[in-house]
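# Coordinate inspection notes
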Amino acid sequence: MRTARRRSLVAVSALVLVAACSGGGSITDSNDTTTTVASGGSTGDTAGTPDTLAPTTTVALDTLPDCPTDALAAADGPVEISFWHGMSSALGDEVTRLTDAYNASQDKVKVSLVQGSYEETADNYFQASADNRPDLVQLPEYQVQAMIDTASTVPVGKCIGASGLDTSPFLSAAMDAYATAGVQWAMPFNISNPVLFYNKRAFEAAGLDPNTPPASLEELQAFSKQIVDSGASKYGLALESGFDSGGGWYVEQWFCKAGEFYADNDNGRTNRATKVLYDNATGVDLLTFLQGMLNDGTAVDVGDNSQSGYDNLLKLADQVEPAAMTINTSASLGPVLQVLGTGQFPNIDAGDVGVGPMPGPEGKPGALIGGAALWVVDSGDDARTAAAWDFLTYLTGAQQQSEWAVATGYVPNRSDALELEPYKGTVAADPRFAVAYQQLLDTPAVPTSAGPVLGPLRQVRTVLANAVAAIFDGADVTATLTDAANQANGLIAEYNARN
Amino acid sequence: MNRRLRDVPWAIAMLLPSLALVAVWTVYPLMRAIQKGHFRCDVTGKKCTDQGWSRYVDVFQSDEFQHALGVSIKLMLLTVPTGLVLGVGLAVLADKHLRGIGIFRTIFSSTIATSVAVASLVWFVLLQPQIGVLADMFSDWFPVLKNPGLLNDAGTALLAVALSSIWANLGFTFIIVTAALQSVPRDLYESAFVDGAGSMRRFTNVTIPMIAPTLLFVGVVLTTRALQTYGEIALLTGGGPNPQKPTTTIPYLIYGRNSIISTDIGTKSAAAVLLFLLSLVLALVQFRGLEKRVHYGS
């Protein structure tokens, strides 16, 4: 009995080992031949791709749910709605404060809040049945296509039309980020974009003007070289390869600055995207350039920043081998100044921090919208839809955006918020807070200024981040990007086949 | 006979609460995971395609799973023997009737009161390459601490995670082994002493056999913990550094936010079921293989 059992165990272990030795391929590979066609070569055309893989996203507006914004007036008694958001700690406190103020300001609508991370909010939303969904939900920019595909929301474009809301003060780039195929799906709420952080003290020591940050990639390299050669700092630039920063999101930003699409079908905004384009000449040039800066010692790679979110910024405060510049989201400016304000770092304090636009190819301006937007959920209940819209217009109102921007460090989503206190006074006292907003204003109004919408954008970023890390380690740029693009295209085909 | 039959309803009634809990929190999720493992899903988790049982084979054979399996086994080999030896060593050291030994026992066992999150954060801050204490103090001798950092270097990241994990689990091993040492009858030591056995001999021929069941238990628990290591990875390395991903264990592949399958509930389920099978096989092997050599006393 016992030996028999022992033998079966040995057999199981042997099976495990045999299985371990055979097979291979990626966990994301498809077994399905139809999807493999679309995932093939990045340079090949998509003529062989079945039409069903790229259904049009051009939706006739009248097939989408209506937004009866006048239903609130007809409702008797307060309409109770729920808002799911992804803002934590200090940001969450500010959402709570604004919501309390809204609830106190009128008696038609009563909002209750549910807070989680972006990922938790998205997972909960996707998994919830129609009855359990909130009336309003905040989701980040990489969820746009997935949210459209749930077909569970009222496009805010319909609400704008029904209510006659004047959208002219809103940043057009921010509005466009949440629009595809002519439909305004969601309303931008919290906006950020990457900016250059640099140590003015190192600039001075290297003989550079501390008030003139590098505008182009070429200047970024030249400045770095001068900083390193003069001994002002061990490195010029600190690079990192997190999927929501240097390894993924910034590449999308650089494509915007270069005036190029990151994915086909105009970044997936005229039609569903079928492939990424980052393995083209622009992508190869860009990453070859960054690899070159690492090779000649003007830049340093601090690894995957998604762990702390601050490794690259801390490199500016490093006492042994500091870097003078790095790129980070504008939303980190508040915390950075706060931490440096404690005076615990001898080589940089809050006053030494310079902020400039993110340097790009040939110094061309441009930035994609990061952050999150508000989606009105289709509850089928007119009064609740109208109430959600009413609350949304409050959160995106000029005064609220002015307060929100100061409390959080996000960029206001509308120009009239700039003229209101407390934002006006804050920017006047510290112009560094205006850089991210100005970067958006300077962004040309062209189709490439609206970022990619891809169903599996989060995974696509993860794949690219891995490739960027390999390239930073010295891997061949063209081959690595081609491999990554193939894997990303497989993920896109896999997604499209299901939607 | 009658008496037994009469007890059955009572037995069922008394077992019901725990059976219900096991059914709801263990059996049902396991069944759901096995069922979901057939599918590949998009980010919404609602749109899935059925790939059948062969999906388990595909997942098992994929480069990512094989890599994670290798990492998990490496981590197990790094943490279990070292943790066991250190735990037993400390327990033997503290198993003396000396003045103030209680202080040392408290210190040695203190990590059991430290959650994985706290332990990981302590190490994360210590090892932080730019401003961490260890990096600034020892970078002259160990440049890897500074550039790129122990957790950011593909060659040392797993070692650093193992270090944190061993440290965090030491308190558990220490307490269990200390309890076992105290239950060893003193007269065994005395007779061994009378027979002329030295302290080393007493340790190998009395202590070890007498605490062997405890060592087996601790070994199995540490092995299972090593295979389930997630918190340390999530907080210290995020499965990285990329692109080698030397710390992407199977649990991190399943749950990690940087994992390539983080948005695919189907593939995650398949990987989780495979991890369950792996732990099951390993635990069985340990029990069957070691049980015979373990002396449970009379």
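Fair warning: this is a prediction, and the values are worked out from it, not measured in the lab. (Residues numbered from 1 in each chain as written. Chains lettered and ligands numbered in written order. Predicted model: local features only at pLDDT ≥ 70, side-chain atom pairs only at ≥ 80, totals over all residues.)

### Notes on the interface of chain B and chain A
Tallying the contact residues gives 41 residues for chain B and 49 residues for chain A. Those elements that provide at least two residues to the side of chain B that touches chain A are α2 (54-61), α3 (63-94) and α12 (265-291) of chain B. The greatest single-element share of the side of chain B that touches chain A, amounting to five residues, is contributed by α12(B). Partitioning the side of chain B that touches chain A into residue classes produces 13 nonpolar, 18 polar and ten charged. (Contact = placed C-beta atoms within 7 Å. Helix = DSSP H or I, 4+ residues; strand = E, 2+ residues; numbered from the N terminus. Nonpolar A, V, L, I, M, F, W, Y, C, P; charged D, E, K, R; others polar.)

### Focus: the packing of helix α13 (residues 281-295) of chain A against helix α20 (residues 457-472) of chain A
All names here are of chain A. Orientation of α13 relative to α20, taken along the N-to-C sense of each, is 40°, at an axis distance of 9 Å. Taken together, the axes of α13 and α20 lie oblique to each other. Residues Leu287, Gln291 and Leu294 of α13 pack against Val468, Ile471 and Phe472 of α20. In the contact of α13 with α20, the residues fall into five nonpolar, one polar and no charged. (Axes fitted to C-alpha atoms, helices over the stretch in contact; angles between N-to-C directions. Parallel < 35°, antiparallel > 145°, perpendicular 65-115°, else oblique.)

### Notes on unusual backbone geometry
Look at the link from A:Glu421 to A:Pro422: it is a cis peptide, with omega at 10°. Note that A:Pro422 resides in the loop between α17 (398-408) and α18 (423-429). Look at the link from B:Asn242 to B:Pro243: it is a cis peptide, with omega at -5°. With respect to the helices, strands and loops of the structure, B:Pro243 is situated in the loop between α10 (231-236) and α11 (250-255). Even without being glycine, A:Asn265 reaches a positive phi, approximately 50°. Within the secondary structure, A:Asn265 is located in helix α12 (residues 264-268).

### Focus: the domain arrangement of chain A
All names here are of chain A. Under the domain assignment used here, chain A contains domain 1 (61-192 + 369-420) and domain 2 (194-366 + 453-486). Once you take the C-alpha centre of each, domain 1 and domain 2 turn out to be 31 Å apart. Taken together, the twelve residues of domain 1 in the interface contact 14 residues of domain 2. Counting residues per element, the side of domain 1 that touches domain 2 draws most heavily on helix α6 (residues 144-150), which supplies four residues. (Domains from an automatic or database assignment.)

### Points about the pairing of strand β13 (residues 370-377) of chain A
Residues and elements named next belong to chain A. Buried residues dominate β13, accounting for eight of its eight residues. Pairing between strand β3 (residues 136-140) and β13: five bridges, direction antiparallel. Looking at the pairing, Gln138 lines up with Leu374 of β13. Bridge analysis of strand β4 (residues 153-154) against β13 gives two bridges, and the strand direction is antiparallel. Note on β13: the bridge partner recorded for Val154 is Val376. (Buried ≥ 20, exposed ≤ 12 C-beta atoms within 10 Å, placed from the backbone. Pairing = 2+ DSSP bridges.)

### Structural notes on the nonpolar core
Core analysis: the biggest nonpolar cluster contains 200 residues, and A:Leu136, A:Phe197, A:Val376, A:Phe391, A:Leu464 and B:Ala271 have the highest contact counts within it. Counting residues per element, this core draws most heavily on helix α7 (residues 157-182) of chain B, at twelve residues. Residue assignment places this core across two domains, with domain 1 (61-192 + 369-420) and domain 2 (194-366 + 453-486) of chain A each supplying three or more. Leaving out residues up to four positions away in the same chain, A:Leu136 has contacts with A:Ile81, A:Phe83, A:Leu374, A:Val376, A:Val377, A:Ala388, A:Phe391 and A:Leu392. (Core = buried A, V, L, I, M, F, W, Y, C linked by C-beta atoms within 7 Å.)

### Side note on the sheet that holds strand β11 (residues 323-329) of chain A
Adjacent strands of a sheet pair through backbone hydrogen bonds, lying either parallel or antiparallel. All names here are of chain A. Spatially, the five strands line up as an open sheet ordered β10-β9-β11-β8-β12, and their pairing is mixed. The sheet is open, and its two edges are formed by β10 (299-301) and β12 (353-357), each paired on a single side. Between one strand axis and the next, the sheet turns through 30° on average, direction left out of account. For strand β8 (residues 194-199) and β12, the ladder comprises five bridges, and the chain directions are antiparallel. Looking at the pairing, Tyr198 lines up with Gly354 of β12.

### Topic: α7(B)
The end-to-end C-alpha distance of α7(B) is 38 Å, a good match for the 38 Å that 26 residues give at a rise of 1.5 Å each. Residue B:Asn169 marks the point of greatest curvature in α7(B), where the axis turns by about 35°. (Expected span 1.5 Å × (residues − 1). Bend = angle between axes of the 7 residues up to and from the residue.)

### Digging into the pairing of β11(A)
Residues and elements named next belong to chain A. Across the seven residues that make up β11, a large majority, seven, are buried. Where β8 and β11 come together, five bridges link them in antiparallel fashion. Its bridge partner being in β11, Tyr198 is matched across the sheet by Met325. As paired strands, strand β9 (residues 235-239) and β11 are joined by three bridges and run parallel to one another. By the bridge assignment, Tyr235 is partnered in β11 with Ala323.

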